[in-house]
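Topology and contacts: notes
The lines below spell out each chain.
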Amino acid sequence: IYFRDENFFQNKMRVIEFIKLYKENNFHFTWTANCRADFFNDNYINEEFIRQLEEINCANLAFGLESGSNKILKKLNKKISVDQSIHAAHQLAPSSIKRRRYSFMMGLPDENYQDYIATFKLIREIVRVDPKATIIGPQYFRVYPGGKLYDEILERYFYKTPDKFEDWCLFLTNENDPNELF
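For the structure given in this document, a descriptive report is provided here. (Residues numbered from 1 in each chain as written. Predicted model: local features only at pLDDT ≥ 70, side-chain atom pairs only at ≥ 80, totals over all residues. Heavy atoms only, no water.)

1. Focus: unusual backbone geometry
Of the consecutive residues Gly137 and Pro138, the connecting peptide bond is found in the cis state with omega at 5 degrees. Position of Pro138 among the secondary structure elements: in strand E5 (residues 134-140). For Asn26, which is not glycine, the phi dihedral falls at a positive 55 degrees. Located in the positive-phi region is Lys79, a residue other than glycine, with phi close to 60 degrees. Mapped onto the elements of the fold, Lys79 is located in the loop between helix H3 (70-75) and helix H4 (82-92). Residue Lys79 is classed as exposed on the basis of its relative accessible area of 62%. (Helix = DSSP H or I, 4+ residues; strand = E, 2+ residues; numbered from the N terminus. Buried < 20%, exposed > 50% of the residue type's maximum accessible area, 1.4 Å probe, protein only.)

2. Observations regarding the environment of Lys71
One can find Lys71 in helix H3. In the structure, Lys71 is positioned 10 residues away from Ser81 in sequence and 9.4 Å away in space, judged by C-alpha atoms. Among residues more than four places away in sequence, those in contact with Lys71 are Asp110, Asn112 and Asp115. (Contact = heavy atoms within 4.5 Å.)

3. Section: the packing of aromatic side chains
The description of an aromatic ring pair uses the distance of the two centres, along with the angle that the planes make with each other. Scanning the model with the defined rule gives 15 aromatic pairs in all. Ring centres 5.7 Å apart and planes at 85 degrees place the aromatic pair Phe8 and Phe18 in the edge-to-face group. Here the residue Phe8 occupies a position in the loop between strand E1 (2-3) and helix H1 (12-24), and Phe18 occupies one in helix H1, the gap between them amounting to 10 residues. Here Phe8 and Phe18 have matching classes, each one buried. Look at Tyr22 and Phe29: their rings are 5.0 Å apart centre to centre, the planes differ by 70 degrees, and that puts the pair in the edge-to-face class. Relative accessible area serves as the criterion here: at 3%, Tyr22 is assigned to the buried category. For the cation-ring pair, Arg142 lies above Tyr140, with the distance from its terminal atom to the ring centre recorded as 4.6 Å. (Phe/Tyr/Trp six-rings, centres within 6.5 Å; stacked < 30°, edge-to-face > 60°. Lys NZ or Arg CZ within 6 Å of the ring centre and 35° of its normal.)

4. Quick look at the pairing of strand E2 (residues 31-35)
Within E2, five of the five residues are buried, leaving the element largely enclosed by the surrounding structure. Neither face of E2 is exposed, since Trp31, Ala33 and Cys35 on one face and Thr32 and Asn34 on the opposite face are all buried. Direction of pairing for E1 relative to E2: parallel, over a ladder of two bridges. Looking across to E2, one finds that Phe3 is bridged to Ala33. As for the winding sense of the linkage, the β-α-β connection from E1 through H1 to E2 is right-handed. For E2 and strand E3 (residues 58-66), the ladder comprises five bridges, and the chain directions are parallel. Paired with Asn34 across the two strands is Ala62, which belongs to E3. (Pairing = 2+ DSSP bridges. Right-handed = clockwise from strand over helix to strand, strands pointing away.)

5. Quick look at the environment of Tyr150
Along the chain, Tyr150 turns up in helix H6 (residues 147-157). Given the relative accessible area of 12%, Tyr150 is considered buried. The residues touching Tyr150, leaving out its near neighbours within four places in the chain, are Val143, Tyr144, Pro145, Thr161 and Trp168.

6. Digging into helix H2 (residues 47-55)
Considered for burial, the residues of H2 that qualify are Phe49, Ile50 and Leu53. Down the axis of H2, the sector holding all buried residues measures 100 degrees, keeping them to one side. Opposite the buried face of H2, by more than 90 degrees, sit the exposed residues Glu47 and Glu55. Those residues of H2 that are buried are in contact with H1, E2, E3 and H4. Regarding H2, its N-cap is Asn46, as a side-chain oxygen of that residue lies 3.2 Å from the backbone nitrogen of Glu48 further along. With its phi angle positive at about 65 degrees, Asn57 sits one or two positions after the end of H2. (Arc of directions from axis to C-beta. Polar contact = N/O pair within 3.5 Å; in protein donor to acceptor, adjacent residues only side chain to side chain.)

Take a look at the structure:
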């Protein structure tokens, strides 16, 4: 089961209740969830908590780390730091959770060469700490409607987007310049 909920771990009591119900009902399914690097701390996802996740067949944890640059993380309002990302990788590396996926992206407004290098350094550090880690990307940044970053891109770069909902499919899959469509 893949809990495609970006906030699956947001409420610690909900996760504790899930662990309890899983054990009480003698479930055996494996499961996957998204998680945040900043949840790995003494007060939440620590060694004991990871052991509990292992006991209830957590098979995969996925992280949208996005960047190895604290400047870019701040711009994205990720509310995580590079150090927290490294700490999460250290905590998970010895676990029996089969897959730890870390995704990254590049091509964000104000991102520069040093930010790219910082991202590759973070990727290298995660793989050094956890050779079984799966790295996704870096993928190119895709512009989706909504939020401050979207508004900034429209304003600063005169970016054109589809007027109709149906046209977004073509817009996001065009291999050429998506602005050629409109």
